[in-house]
Amino acid sequence: MKPACVADYRAAARRRLPKVLFDYIDGGSYGETTLAANVADIAAMNLRQRVLRDVSRLSMETRLFGQTLAMPVVLAPVGLAGMYARRGETQAARAAKAAGVPFSLSTVGVCPIAEVAAAAAPPWFQLYMIKDRGFMSDLLATARAAACPVLLFTVDLPVPGARYRDARNGLNAASTGARLRQAADAMRHPDWIWDVMVNGGPQTLGNITAASTGLGTLQAFMGWIGANFDPSVTWKDIAWVRERWPGPLVVKGVLDADDAREARACGVDGIVVSNHGGRQLDGAPSSIAALPAVTDAVGEDLTVLMDGGVRSGLDVLKALALGAKACLIGRAWAFALGAGGEAGVAGMLAILREELRMAMSLTGCVDVLDAGRDLLTG
Ligand SMILES: Cc1cc2nc3c(=O)[nH]c(=O)nc-3n(C[C@H](O)[C@H](O)[C@H](O)COP(=O)(O)O)c2cc1C
């Protein structure tokens, strides 16, 4: 069956991936309330249907940080994507390049920056602050040398959120029983074993191999993340990053207007309104609910992006209406990659584009740059 929407890619990824990986992508923290709200709050918004406008020519193009995007969508940083499909980050980056949108590479991606840059284009690079600052300096130098156009500095993960599904699946600390169950489940997914485990190596964290040697299992990856991320980071550290990153610097994970003002005072170029896809503080507001206060506070001065719950082109238009300049998508591309590799991500992006085109046509919005609150009812 040809996927018609992001939900179809999710269903296909569920069939193709071992349960521990599908749940890692699909799940959120604690009771998954914020994860659900991210989707539900966008769904509850109504677009204003307008008629008899000339919508024969639409423009979806936008510019972010000196780059032209074919549509206001960016592939969000997603960890471990090289476990969902063979060299997954390179496949997704190629699909993003073909669609004219940026790809963001996670600090904890499987493929290193150089591999992604050579396969497609220099990615936006996402930074997690690791305790070893010498290593961090080297990593930033690597991203600079590879000409990564934007640095996304993720600030909403000083400690990893508790995710019940991962705990139940033994992702963080597997008992012998859990390991045996994982192995038995993997055997039921031979296509994935052949693609990723036989032909997709090395399965390491390519950007931080030097600091994370000997991570042979998913449990070891997760343990390393918990032990090495730096929970002491404050706004002062933005200056430390800035000294080592002269290019566009975007703080990812701001949900509060006061924090947005702090970010502006630190001289960053942009922020991503995000709750990490509902994977961190459960009970935090949905991203779309948080967006208007943030754009009201700093939208004139900073480029405000948003992510969380974006599953269609209609959702993209709703976020633009509330002042976001573009949306990042996380699970949408992770599912598409797990379902069908590069072709899956390309197909999903084509669907998103078509959905955005339809939404623009039926709301009478001929240029994404003109999207505003008048596109919404109420
Ligand atoms: C499986 C998975 C892994 C993620 N890994 C990272 C990461 O390494 N770095 C980061 O900044 N955000 C990470 N995120 C958060 C995404 O960048 C993004 O904020 C979130 O997925 C947006 O919500 P959505 O999935 O509803 O689109 C991850 C999200 C998922 C689903």
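Refer to the preceding data block for the structure.
For the structure given in this document, a descriptive report is provided here. (Residues numbered from 1 in each chain as written. Predicted model: local features only at pLDDT ≥ 70, side-chain atom pairs only at ≥ 80, totals over all residues. Heavy atoms only, no water.)

**Let's talk about the environment of Thr107**
Selection criterion: Helix and strand assignments come from DSSP, with helices taken as H or I runs of at least 4 residues and strands as E runs of at least 2, each series counted from the N terminus. Partly exposed residues are those whose accessible area sits between 20% and 50% of the maximum for their type, while under 20% is buried and over 50% is exposed, using a 1.4 Å probe and protein chains only. By definition, residues are in contact when any of their heavy atoms lie within 4.5 Å. Whenever a nitrogen or oxygen atom comes within 3.5 Å of another N or O atom, the pair is scored as a polar contact, on the condition that within protein one atom can donate a hydrogen and the other can accept it, and that pairs from neighbouring residues in sequence are kept only if both atoms are in side chains.
Inspection of the secondary structure assignment puts Thr107 in the loop between strand 4 (104-105) and helix 5 (113-119). For Thr107, a relative accessible area of 0% translates into the label buried. Considered as a pair, Thr107 and Thr62 are 45 residues apart in the sequence and their alpha carbons are 26 Å apart. Apart from residues no more than four positions distant in its own chain, Thr107 is found in contact with Phe125, Gln126, Leu127, Tyr128, Ile130, Leu139, Asn207 and Ile208. Reaching out from Thr107, the side chain makes a polar contact with the backbone nitrogen of Tyr128 at a distance of 3.0 Å.

**Thoughts on the packing of aromatic side chains**
This is how it is decided: Within 6.5 Å between ring centres, the rings of Phe, Tyr and Trp (the latter by its six-membered ring) count as paired, and their orientation is classed by plane angle as stacked under 30 degrees, edge-to-face over 60, tilted in between.
The tally for this structure, following the rule as stated, stands at 5 aromatic pairs. Plain terms: the ring middles of Phe22 and Phe335 are 5.8 Å apart, the flat faces sit at 25° to each other, and that makes the pair stacked. Remark: Phe335 occurs in helix 15 (residues 331-363) and Phe22 occurs in helix 2 (residues 19-26); sequence separation between them is 313 residues. As far as the burial class goes, Phe22 and Phe335 line up, both buried. Between Tyr30 and Tyr164, the aromatic rings sit 5.8 Å apart at their centres with planes inclined by 80°, giving edge-to-face as the arrangement. Note that Tyr30 is positioned in the loop between helix 2 and helix 3 (33-43) and Tyr164 in helix 7 (residues 164-169), a separation of 134 residues in sequence. Overall, the relative accessible area of 38% leaves Tyr164 in the partly exposed class.

**Observations concerning the sheet that holds strand 5 (residues 124-127)**
Short version of the rule: At least two DSSP bridges between two strands are needed for those strands to be called paired. In this analysis, axes come from line fits to C-alpha atoms, helices being fitted only over the stretch in contact, and the angle between any two N-to-C directions falls in the range 0 to 180 degrees.
In spatial order, the strands read 3-10-9-8-7-6-5-4; together these 8 strands make up an open sheet with parallel pairing. Looking at strand neighbours, the two that pair on one side only are strand 3 (73-75) and strand 4, the edges of this open sheet. Relative to strand 9 (residues 303-307), strand 8 (residues 270-273) runs parallel, the two sharing 4 bridges. Following the sheet pairing, Ile271 is matched in strand 9 by Val304. In the packing of helix 13 (residues 287-298) onto the sheet, contacts are made with strand 8 and strand 9, and the angle to strand 9 comes to roughly 175°. Relative to the sheet, helix 15 contacts strand 3 and strand 10 (326-329), its axis offset from that of strand 10 by approximately 155°.

**Points about a nonpolar patch on the surface**
Rules: Excluding any residue in a salt bridge, patches collect residues exceeding 30% relative accessible area, merging like charges within 9 Å and nonpolar Val, Leu, Ile, Met, Phe, Trp and Tyr side chains within 5 Å. Each accessible area is a Shrake-Rupley estimate made with a 1.4 Å probe; only the visible protein chains count as cover when residues are assessed. Just to be clear on terms, a salt bridge is a Lys or Arg side-chain nitrogen sitting within 4 Å of an Asp or Glu carboxyl oxygen.
A cluster of nonpolar side chains, namely Trp194, Met197 and Val198, defines an oily patch on the protein surface of about 320 Å² accessible area. Positionally, Met197 belongs in helix 9 (residues 190-198). For Met197, a relative accessible area of 38% corresponds to the partly exposed category.

**Section: the pairing of strand 9**
Where we set the bar: By convention a crossover is right-handed if, when the strands point away from the viewer, the path from the first strand over the helix to the second runs clockwise.
The buried fraction of strand 9 amounts to 4 of the 5 residues, a majority that puts the element mostly inside the structure. With respect to chirality, the unit in which strand 8 leads through helix 13 into the neighbouring parallel strand 9 is right-handed. Note that strand 9 and strand 10 share 3 bridges and pair parallel. Following the sheet pairing, Leu305 is matched in strand 10 by Ala326.

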